[in-house]
Amino acid sequence: MSLKIRLTRGGAKKRPYYRIVVADARSPRDGRFIEKIGSYDPMKAKDSPDRVVLDLEKAKEWLAKGAQPTDRVLRFLDAAGIAKRPARNNPNKAVPGEKAKERAEKNAAKSAAPAEAEA
C-alpha cells in the first residue's frame, strides 16, 4: 500500500481550508484517509503561526514508515526542518516553442527587408 501525505480540501466556495492527511495513494483527494496530521489555511497571512499547523512527531513517524509527501506538503516539512526539498530546475521551460520561433524568424525577415532596401 503506497501512502501519501497530502492535502484534502475543505471550506466554502472561494474560502479554501486544507487538512494535511496521510492517505492511501489510490483514495480520492477528499475521500478516505488514515490519519489527520495537520491543517493549512491559505486565507491567513503568510507570517501567521496558525497558517500551517502540523504535528511534527506524527509526520516524522509516517515518513519513517515510507509515506511520500506531495510537493506542497514537502514545502511545509522543509520549512519545519523535517525533510529537505530539492531545488527544481527546468532549463527547457524558457525555450520558446515552434510557433514562437517561426514568428521570430518572420519578424526578423521583415525588419531585414527594409534595411536591405535602404542600403
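Rules used throughout
- Residues numbered from 1 in each chain as written.
- Predicted model: local features only at pLDDT ≥ 70, side-chain atom pairs only at ≥ 80, totals over all residues.
- Heavy atoms only, no water.
- UniProt positions renumbered as here; feature names shortened; annotations may be inferred.
- Helix = DSSP H or I, 4+ residues; strand = E, 2+ residues; numbered from the N terminus.
- Contact = heavy atoms within 4.5 Å.
- Salt bridge = Lys/Arg side-chain N within 4 Å of Asp/Glu carboxyl O.
- Buried < 20%, exposed > 50% of the residue type's maximum accessible area, 1.4 Å probe, protein only.
- Arc of directions from axis to C-beta.
- Phe/Tyr/Trp six-rings, centres within 6.5 Å; stacked < 30°, edge-to-face > 60°.
- Lys NZ or Arg CZ within 6 Å of the ring centre and 35° of its normal.
- Polar contact = N/O pair within 3.5 Å; in protein donor to acceptor, adjacent residues only side chain to side chain.

Named according to an unreviewed UniProt entry, the protein is Small ribosomal subunit protein bS16 originating from Bosea vaviloviae. One UniProt comment on the protein, placed under Sequence similarities (unreviewed entry), says "Belongs to the bacterial ribosomal protein bS16 family."

### Considering the environment of A83
By the secondary structure assignment, A83 is in the loop between helix 2 (71-80) and helix 3 (98-118). The spacing of A83 and E35 is 48 residues in sequence and 19 Å in space, taken between C-alpha atoms. Residue contacts for A83: discarding those within four places in its chain leaves L74, L77 and D78.

### Side note on the pattern of salt bridges
Here the structure, examined in full by the defined rule, presents 8 salt bridges. R75 is the salt-bridge partner of D71, the closest N and O atoms lying 3.8 Å from each other. Here the residue D71 and the residue R75 both occupy positions in helix 2, the gap between them amounting to 4 residues, near one helical turn. By relative accessible area, R75 is classed as partly exposed at 36%.

### Description of helix 2
For helix 2, the full list of buried residues reads V73, L74, F76 and L77. Down the axis, helix 2 shows its buried residues gathered within 155° of arc, on one side only. The elements touched by buried residues of helix 2 are strand 1 (3-12), strand 2 (15-24), strand 3 (35-40), strand 4 (52-54), helix 1 (56-64) and strand 5 (68-69). Immediately beyond the C-terminal end of helix 2, within one or two residues, lies G81, with a positive phi of roughly 90°.

### Things to note about the packing of aromatic side chains
On inspection of all chains with the given rule, the structure shows 2 aromatic pairs. Taken together, a centroid distance of 5.8 Å and an interplanar angle of 20° make the contact between Y18 and Y40 stacked. Of this pair, Y18 sits in strand 2 while Y40 sits in strand 3, placing them 22 residues apart in sequence. Measuring from centroid to centroid gives 4.8 Å for Y40 and F76, while their planes differ by 50°, and the two rings are tilted. Of the two residues, Y40 sits in strand 3 while F76 sits in helix 2, which places them 36 residues apart along the sequence. Of the two residues, Y40 and F76, both sit in the buried class. The ring of W62 has K65 lying over it, and the distance from NZ or CZ to the ring centre is 4.4 Å.

### Focus: helix 1
Of the residues flanking the start of helix 1, the one acting as N-cap is D55, its side-chain oxygen 3.4 Å from the backbone nitrogen of E57. Residue G66 follows helix 1 closely and has a positive phi angle near 105°.

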